[in-house]
Each structure stands twice: as C-alpha cells, then as structure tokens.
Amino acid sequence: MKKVQLYELKSLYRDSLKIYGYQFGGSEKTVCIVGAIRGNEVQQLYMCSQLVKVLKTLEKRGQMDSKQGIMVVPAVNPYSLNTNTRFWATDNTDINRMFPGYDLGETTQRIAGGFFQEVNDYTYGIHFTSFYLEGNFTPHVRIMKTGYENVEIAKEFGMPYIMLRNPKPYDTTTLNYEWQLWGTQAFSVYTPGTDQIDRAQAREGVNAVLRFLASQGIIRISQDGGYRSRIIEEEELVTVRTNRSGILFFHCKCGDHIREGETVAEIMDAYEGEVIETIQAPCSGRIFYHGSNPLIYSNTAVVKIIRDPQAEYFQQ
Amino acid sequence: MIQTVAAAPLPAAENYIVKKQRLQPEHLSGREKRISIVTGIHGDELEGQYVCYEIQRRIREHSEALTGIVDIYPALNPLGIDSITRGIPHFDLDMNRIFPGNSEGSMAEYIASEIIEDVRESDLCIDIHASNIFLREIPQVRINEMCADTLVPFAKRLNIDYIWVHGAATVLEATFAHSLNMIGTPVLVVEMGVGMRVTKEYCKELVDGIFVEMKDLGIWQGDVIEPKHPIISTDGEVHYLNAGYAGVFIPTVEHWTSVKKGSKIGEIIDPLNGVIREEIFSDCDGVLFTLREYPVVSEGSLLGRILERNGEQR
C-alpha cells in the first residue's frame, strides 16, 4: 500500500486541505474508488476506511494482481467533514457539482479540477455517494445514461438492483457523469446512511466492491456471488407523495415487500397529534426509497416503490 | 391588489406563500400589455426589494399615466429571505435550478410551476438578482447567447451599464429565465450590487430603465429618461482575476473604473506574518466591472472581472 497526496490547497489559517489516495496492487490505473465529496458523507468515508483495511490485508497476503492497480480516496473534502457542513463552508458550493473542474477557476472548481486530473484515466470509477434528498435507499448500483454506460459489468457488484438514470441538467457536472465522458466506466454505489454510520449496510457496500474487484481478477478472494441484480430504469419507480404536511411515521422500511393498498406511512397533525392522512401503497412491490425527515411537507415524495405484482409471495 | 400566486402548507402552522402586487388602470380594455418584475429567487439577494418599492411609489404618484398591467413579485423564496438563505431552507437544491417545476412534484417544484404559469403571459419579465456576498457587480443584464437576438434590444432600453452575452451551459437550462425564454416569454436577468445589501443608486437607475421598457410596451404614458448606452460583452473579452494565495484581499482601486494593463487592482495580505502575499495586476486595458467585496479569500477565489476595452475611458 502506498499513501499518496493527490492535491493540496493552502489556507490562510487552517492546515492545508489535502486529498489522499491509497494505492494497492500494480501500476496500471484500473479502479478508483471515491468516498466523501460532501462533509456529511460519514458512511461513505467509513466504507472507504473499511475497504482500505481489507485491501491492506489482501496485499500483505499476496492476493492482489501485480499489474492492475486500485486507488481508494476516502475523502475529497476533508475541510467540510471537519466543520460538519455538507458543502464547501465558505460559499456553500458542492464540489460534486464542479466536475471536471477548472484549474484557474474558483476554489471548488480548482479542487474538483486538481482531483479529477489524478483520477480521470482509470478504467473503472466507483463513487460511494449520497442522494440530494434526505432518506434511505435499498442498496444499489446507479449508472447515469450518458451513452457510454456499461450495464453488463455492473452486474459484477452483485447488488440487489442496478438503477439506470437519465441525467438531469444538474447531474452533468458530477464526478460520475464526467468520468463516463472521459472514458471511465463509472458506477455510484448507494447504501442506506449518510451522516450516521450503518455498519451492516456499509459491509454490504464494501462486499459489493470486493466482488467487483474479484470479478476483474484484480484481487483473489473466495466470496459469495451476491445477488443476481435486477435492472430498473428510474422512471419505472412508483412515487408515493403526501397530500398533507405534518409529522410523518413510516410503517415500512427499505427492502420491504408490500401489497397494493397496504399502509406505508401516516401523517399526524404536528400540534394536535391526530392522524390526518394515511398513505397507502398504490401498487404491490418493494420499497426502494423512503424519506427520513419526520417533519414532512405536502406534495412530497416519501416512498418510491419498485412495482412487482408478485410481491405478496415474498411478504413475511 | 395583492394576489396569491402559489401556496403550500408547511408542517408547523404556516404556509409557503408567494404573493404579487398587481397595478393596473381603473378601466381595462382587455388589450393591455403586461410587465412582470420578479425578484427574491435567492433569499440572500436583496437589491430587487427596493426596486419593487420604488416602481410602485412612482406609479402611484402619476397613476393616470398607467395604461397597462404591472405585476410585482418581490419574494419567490420567502423562507430564504427570512432566514438569509440562498436556496429554499431544507432543500439542498438552488430554487433557480428547478424551473419550469412540476405541478405533481415536490413542494418546491410545485411552487415553481405555479410561478411559471402566473408569469408566462407577460410581454416582458425582469428577473432581478444581486451578486452574492463576495462580489460587487455593476448593473448588468446577462443573456444566454441562444436568446441574444430577442433579448439584446430589450436590454438596451433598461438603462444598465453592461450587457453580458454568455455561452449556453446545460446546468442553466433549469433557471426561471431560461424556462420562460424557451416558451416565448422574454425575460431579462439583471445582476447588480452585492448580496445581503441594497444599493439605492443602482436600484433607481434600474427603475428608470424599467419605465423606459413600460413606455415602449405602451404600459406607461408618463415622461421617461433617455437610457444610457451599455457596453456589450461581445465588444471585448472578459478577463478573470483569481486569488493565487489564501489571505485577506484589500482592493487598491474603486469598483467600476477603467484600468490599464499592469495597473494594480489590490493586494492579498497575510495578517499572521504581516506580509503581502500577492499583488493583483490587470492583464489588459479595460473596465473593472466586478470587484470582490468580502475580504477573506482562498486560493482560486474570484477577485474581479475586467472587460477588455482598448483606448476607451469610463
């Protein structure tokens, strides 16, 4: 293992901002794995730390290919992790909306640019990331449909789902999107949890990456084959919205199988405690996403369901 | 006449409400033209607040001269204005990245779609922004090059100093102005002053220009000024001044002045070591139309923008 400094930005009073990468295996730029780009992505930081720990052991035991190389970057934005702010603290800009960056531009453009220069020529790019909405997802690999995406190879993660997303205008400056434009096969790995660590879910995400690395012959391990992933387009998800605002209680969690008409959540009047809305599943299926904020607005997506008429067979 | 443009209930005994003021002649023919003045998409940009007030004050002084409809939307993002937040508090997304919105979407998208529906029949819309808290800007109109043919003639009447025609960018497709321009409602985006402050002089100049537009559209029959001739960015290249070091930026020139190639713009000082870290010089002859207002800088922070102009003095 070699710890390398990928980028440094000097500060007036703080210690310099340093982005570190951990290199394993051979000298080829095969896989780059990136963790926290935002300051509240603690789960994503933790997953990288666990991956570094495992890869260190595998390298010591000689279970790594001598040519293909791996780099793990636990955090691109250590400053915001230390100040507990999601975005760049000075101007509230998101580094994951600044790719491919610009070395003569503003601060976060320079950080994105300096970092991207070091990681834009890997064969595969994996980003542990969080969504812009608060909430939890069923573990999945997400691929942006840029025309360069490779769905077949995403199956090697062995995660329950592969989600295909048609990029919106604001997606076009993310690491995942730019990686693909520059010729890297890019995957975003989602597990439940952002600012709280969920160790069991983190293990799922780390195992998925190890499975992928093993499938490419980069590491040699015996491991379970994971799931035979189901491929879904984001548009296929059935979104369930609130009609009222108030305090939200869920009757289900991510991964649950539900029947049409089953209660998935209730909204209470925030002052008087009465149930003012019962939200029922419009179809049978599996809960893919649910919100996490107990104070909910009206007309807000609280649950997304993968439609599956046979859901009742799986129901426990 | 105050009207509600959009409303949605919030969790704790409050509604998100967007209101507008409509000013119109006492008797309507049904053929009146309409101008919409919109501001407050970003909660920390306040320059438009004084503009909304001043337009109404002048119209009320000579209400007999009003022959069309003036709609004034002072706060598209009232929660942001109240909490000094650029975006809508609780949402991670900038409100100016969710247009044209979606009537079936989240609260913010629903509000955005209602706003678009309300404004879309206008004959002209002025969307007033301030700069952020970091930079001071001269009054200017920013135009996507895709819409330049339609919008530049409007912008020339607005009595601003500068028209910046910029390249198209995918991320800007979800702005309020772009969404309306694409469906045929002309929208001019004004940027001026600095965030969290009101620059009365700039506001009054802009109001003078808005009355010129109103007269041109047949909405106002009173006297108006002769608008000044703005510089257009296509006349010369825009040069960016970025900090090479972290420190405290102290300008040595006034904002909105002519500069020569090699003339000093400011210094980045290091208060801990008591030294100058960097001296900032202009790399062209031109006019300094953007100047940093907030002193603390990181490497890369924008310090100013200069429009290259040869041989002309401001």
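Residues numbered from 1 in each chain as written. Chains lettered and ligands numbered in written order. Predicted model: local features only at pLDDT ≥ 70, side-chain atom pairs only at ≥ 80, totals over all residues.

(A) Molecular detail of the overall build of chain B. Within chain B one finds 6 helices and 17 strands. For chain B, whose C-alpha radius of gyration is 21 Å, the value lies close to the compact-globule estimate of 20 Å for 314 residues. Taken over the C-alpha atoms alone, chain B extends approximately 65 × 50 × 35 Å along its principal axes. Going through the 314 residues of chain B one by one, you find that 46% of them count as buried. Nonlocal contacts in chain B, meaning residues at least 24 apart in sequence, comprise 65% of its contacts between residues at least 6 apart. (Helix = DSSP H or I, 4+ residues; strand = E, 2+ residues; numbered from the N terminus. Rg over C-alpha atoms; globule rule 2.2 N^0.38 Å. Buried ≥ 20, exposed ≤ 12 C-beta atoms within 10 Å, placed from the backbone. Contact = placed C-beta atoms within 7 Å.)

(B) Region of interest: the pairing of strand E12 (residues 246-250) of chain A. Residues and elements named next belong to chain A. For E12 and strand E17 (residues 295-296), the ladder comprises 2 bridges, and the chain directions are antiparallel. The residue of E17 that forms the bridge with Gly-246 is Ile-296. Taken together, the 4 bridges between E12 and strand E14 (residues 263-268) define a ladder with antiparallel strand orientation. Bridged to Leu-248 within E14 is Ile-267. (Pairing = 2+ DSSP bridges.)

(C) Looking closely at the packing of helix H1 (residues 47-61) of chain B against helix H6 (residues 200-217) of chain B. Residue and element names in this part refer to chain B. Running from N to C, H1 and H6 cross one another at 50°; their axes reach a closest spacing of 9 Å. One element, H1, and the other, H6, form an angle in the oblique class. The two elements H1 and H6 meet at a crossing, and its hand is right-handed. Note on element contacts: H6 touches H1 through Lys-200, Tyr-202, Cys-203, Lys-204, Leu-206, Val-207 and Ile-210, opposite Glu-47, Tyr-50, Val-51, Glu-54, Ile-55 and Arg-58. Partitioned by chemical class, the residues of the contact of H1 with H6 number 8 nonpolar, no polar and 5 charged. (Axes fitted to C-alpha atoms, helices over the stretch in contact; angles between N-to-C directions. Parallel < 35°, antiparallel > 145°, perpendicular 65-115°, else oblique. Left-handed = near helix turned anticlockwise from the far one by under 90°. Nonpolar A, V, L, I, M, F, W, Y, C, P; charged D, E, K, R; others polar.)

(D) Region of the structure containing the sheet that holds E14(A). Residue and element names in this part refer to chain A. Spatially, E15-E14-E12-E17 is the arrangement adopted by the 4 strands of the open sheet, whose pairing is antiparallel. The sheet is open, and its two borders are formed by strand E15 (275-280) and E17, each paired with just one other strand. Here E14 pairs with E15 via 5 bridges, running antiparallel. Across the sheet, Ala-265 pairs through a bridge with Ile-279, a residue of E15.

(E) Highlighting H6(B). Residues and elements named next belong to chain B. For H6, which comprises 18 residues, the first-to-last C-alpha distance of 26 Å matches the rise-based estimate of 26 Å (1.5 Å per residue) to within 8%. For H6, every residue scored as buried is listed here: Tyr-202, Cys-203, Glu-205, Leu-206, Gly-209, Ile-210, Phe-211, Glu-213 and Met-214. Looking at the buried residues of H6, the elements they touch are strand E3 (34-39), H1, strand E5 (124-130), strand E6 (135-144), helix H4 (148-156) and strand E8 (187-193). Directly beyond the C-terminal end of H6, a positive phi value near 85° is found at Gly-218. (Expected span 1.5 Å × (residues − 1).)

(F) Layout of the domain arrangement of chain A. Residue and element names in this part refer to chain A. One can read the domain layout of chain A as domain 1 (2-232) and domain 2 (237-314). Each of domain 1 and domain 2 has a C-alpha centre, and the two are 30 Å apart. Broken down by class, the residue content of the side of domain 1 that touches domain 2 amounts to 3 nonpolar, 3 polar and 1 charged. (Domains from an automatic or database assignment.)

(G) Representation of the domain arrangement of chain B in the model. Residue and element names in this part refer to chain B. According to the domain assignment, chain B consists of domain 1 (2-231) and domain 2 (236-308). Taken together, the contact pairs 9 residues of domain 1 with 10 residues of domain 2. At 4 residues, E6 tops the list of elements feeding residues into the side of domain 1 that touches domain 2. Counted by class, the side of domain 1 that touches domain 2 contains 7 nonpolar, no polar and 2 charged residues.

(H) Broad picture of the interface of chain B and chain A. Contacts between the two partners involve 27 residues from chain B and, on the opposite side, 29 residues from chain A. Every element with two or more residues in the side of chain B that touches chain A is listed here: strand E1 (2-10) and helix H3 (107-119) of chain B. Considering only residue class, the side of chain B that touches chain A consists of 15 nonpolar, 7 polar and 5 charged.

(I) Layout of the sheet that holds strand E5 (residues 124-128) of chain A. Residue and element names in this part refer to chain A. Reading across from one edge, E1-E2-E4-E3-E5-E9-E7-E8-E10 is the order of the 9 strands in this open sheet, with mixed pairing throughout. The sheet is open, and its two edges are formed by strand E1 (2-9) and strand E10 (230-233), each paired on a single side. Within the sheet, the average angular offset between the axes of one strand and its neighbour, ignoring direction, is 25°. Where strand E3 (residues 28-36) meets strand E4 (residues 68-75), 7 bridges bridge the pair, whose relative direction is parallel. Counterpart to Val-31 in the pairing with E4 is Ile-70. Its contacts with the sheet put helix H1 (residues 42-60) on strand E2 (17-25), E3, E4 and E5, and the angle it makes with E4 is roughly 145°. Relative to E1, helix H3 (residues 107-119) is tilted by about 150°, and along the sheet it contacts E1, E2, E3 and E5.

(J) Geometry of unusual backbone geometry. With an omega dihedral of 5°, the bond running from Phe99(A) to Pro100(A) counts as a cis peptide bond. Tracing the chain through its elements places Pro100(A) in the loop between helix H2 (78-83) and H3. Across the junction of Phe99(B) and Pro100(B), the peptide omega takes the value 10°, indicating a cis bond. Looking at the secondary structure, you find Pro100(B) in the loop between helix H2 (78-83) and H3. Residue Ile84(B) is not a glycine yet carries a positive backbone phi of 50°. Counting through the fold element by element, Ile84(B) comes out in the loop between H2 and H3. Phi is positive for Met196(B), close to 65°, though the residue is something other than glycine. Tracing the sequence through the fold places Met196(B) in the loop between E8 and H6.

(K) Inspection of the packing of H1(A) against helix H6 (residues 199-215) of chain A at higher detail. Residues and elements named next belong to chain A. Running from amino to carboxyl end, H1 crosses H6 at an angle of 50°, the nearest separation of the two axes being 9 Å. One finds that H1 runs oblique with respect to H6. Where H1 crosses over H6, the handedness of that crossing is right-handed. Residues Gln-43, Tyr-46, Met-47, Gln-50, Leu-51 and Val-54 of H1 touch H6, and the partners they reach there are Ala-202, Gly-205, Val-206, Val-209 and Leu-210.

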